[in-house]
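Remarks on the overall topology
So you can see what is in the structure, the chains are spelled out below.
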Amino acid sequence: MDEIVAAILSREATSEDIAALPLPETYRACVVRKEDCGMFEGMDSADKDPRKSLRTMSIPVPELGLGEALVAVMASSVNYNSVWSAIFEPIPTFTFLERYGKTSPMGKRHDLPYHAIGSDLAGVVLRTGPGVNAWKPGDEVVAHCLSVELESADGHSDTMLDPEQRIWGFETNFGGLAEIALVKSNQLMPKPKHLSWEEAAAPGLVNSTAYRQLVSRNGAGMKQGDNILIWGASGGLGSYATQLALSGGAHPVCVVSSPHKAEICRAMGAEAVIDRTAEDYRFWKDERTQDPREWKRFGKRIRELTGGEDVDIVFEHPGRETFGASVYVTRKGGTIVTCASTSGYTHEYDNRYLWMSLKRIVGSHFANYREAWEANRLIAKGRIHPTLSKVYPLEETGQAAYDVHRNLHQGKVGVLALAPREGLGVSDPETRARHLDAINLFRTPAG
């Protein structure tokens, strides 16, 4: 592995040089183990500690298949699906791996007593399998997390509709929180040249998810002038939604949970910010009963920030805690687009405010290859920027996941894999210099 790292860091190794390097028999990866699936049984989600379940261990390099690539991972990042894997919710991810293992002999590779997790990476292609023509060893890449088979007609208008669609590193094995990752070649995209390895690894999943959810015609189809309510607007997902709204001429109304996070949103350029902790919004009276008076108070506050207008789009991902309020505050004919349920999967809302006001609820899940490519293109052009706030070494991925689980972070939390330190991998310093303040926004004292 040292030889691989040295070749990459030299910036002089050719494709032939990289292809000639011997692959190690094993590599280090952050894993959960099947034998640990019951370790949090009976505990509330909030009390489960990813530091206890995530381990760094050496595992064999997987066999390379048709249309696949092995990538030397320089850096990765933690997404909420890494937290779900670590706390075995909503079900242990070994259920996904077992199901995948029954599909084919190549699928069987993924059904193991350990799961190497992680759905982001920035790195260098080491090997490509048969049928791969667009990529070669030595290419600097990032990867999106959509894994598809496309043997069914269903996926050919939108690959997210493929019955065999999976999220790499969550529903497949050999993910990005590791020194080597196995990906399908159609997951690969060019690494933005002005970013370091850890910066380039941060946007992938969340930026692509936000792009489909907010911008794409498969999501809310945002247009100029739209008022957009963004929950968790300084977080891993919301920070990209905020940037996409601002870049696209929309008016984000950013909801955050602290003055510090409010300042981050203002530093991104947002003018309308609601600190829901400071303003003490309590949408639930108790575990079973929501409080419509709080919905109304929230809606009034939004109109104060928009010149009397309701929001056209609600960018939803908290789920149970906020969904009733989200449906209520959306304008007549507006859209609530949801991609996750970090506060609970059972959503409750008053349907009178949906059907009588002709509102729409749209489900959105990650992004197809085209949407992920467009989202990455915006990063490469410096229109959207990484929101990296902190970086851990691979051995401390458990702590990184703990930070995300406890909402102790802003933006994204990165993880160094093969990169020996931060700041490496930049090959376009001129572009970087133009955008340096925005790139470092989440790492400055204000952020």
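Just so we're clear, the structure is a prediction, and the values are computed from it rather than from any experiment. (Residues numbered from 1 in each chain as written. Predicted model: local features only at pLDDT ≥ 70, side-chain atom pairs only at ≥ 80, totals over all residues. Heavy atoms only, no water.)

What follows concerns empty space enclosed by the protein. Applying the stated rule across the entire model yields two cavities of 30 Å³ or more. Size it by volume and the largest cavity reaches roughly 90 Å³. If you trace the largest cavity, you find 15 residues lining it, with Val142, Met189, Pro203, Gly204 and Asn376 closest to the centre. If you list the elements that add at least two residues to the lining of the largest cavity, you get strand E6 (140-143), helix H7 (197-201), helix H8 (204-215) and helix H14 (369-380). In terms of residues, the lining of the largest cavity owes the most to one element, H14, which gives four residues. Its residues placed into classes, the lining of the largest cavity shows 10 nonpolar, four polar and one charged. Together, Glu68, Tyr100, His110, Ser147, Trp168, Thr172, Asn173, Leu182, Val183, Lys184 and Gln187 line the second largest cavity. Top element by residues in the lining of the second largest cavity is strand E9 (residues 180-184). It accounts for three residues. (1 Å grid on protein atoms, 1.4 Å probe; cavity = no way out; pocket = protein on both sides within 12 Å on 5 of 7 lines; lining within 4 Å. Points joined across faces, edges and corners; volume = space filled by probe spheres on them. Helix = DSSP H or I, 4+ residues; strand = E, 2+ residues; numbered from the N terminus. Nonpolar A, V, L, I, M, F, W, Y, C, P; charged D, E, K, R; others polar.)

What follows is about the UniProt feature "domain: Enoyl reductase (ER)" (unreviewed entry) in the chain. If you check UniProt for "domain: Enoyl reductase (ER)" (unreviewed entry), the listed places come out as residues 49-415 in our numbering. As a span, residues 49-415 carries 29% helix and 24% strand, and end to end its C-alpha atoms are 18 Å apart. (UniProt positions renumbered as here; feature names shortened; annotations may be inferred.)

Attention now goes to the layout of surface pockets. Taken as a whole, the largest pocket spans an internal volume of roughly 1100 Å³. Along its surface, the largest pocket is lined by 44 residues, and Tyr80, Leu237, His317, Ala340 and Thr342 are the ones closest to its centre. Broken down by class, the residue content of the lining of the largest pocket amounts to 21 nonpolar, 18 polar and five charged.

Turning next to the side chain of glutamate 171. Turning to its location among the elements, glutamate 171 is positioned in the loop between strand E8 (166-167) and E9. Buried glutamate 171, no salt bridge; nearest opposite-charge side chain is arginine 99, N-O distance 5.9 Å. A polar contact is formed between the side chain of glutamate 171 and the backbone nitrogen of isoleucine 167, at a distance of 2.7 Å. Excluding residues that lie within four positions of it along the chain, glutamate 171 makes contacts with Phe96, Leu97, Tyr100, Gln165 and Arg166. (Buried < 20%, exposed > 50% of the residue type's maximum accessible area, 1.4 Å probe, protein only. Lys, Arg positive; Asp, Glu negative; His and termini not counted. Salt bridge = Lys/Arg side-chain N within 4 Å of Asp/Glu carboxyl O. Polar contact = N/O pair within 3.5 Å; in protein donor to acceptor, adjacent residues only side chain to side chain. Contact = heavy atoms within 4.5 Å.)

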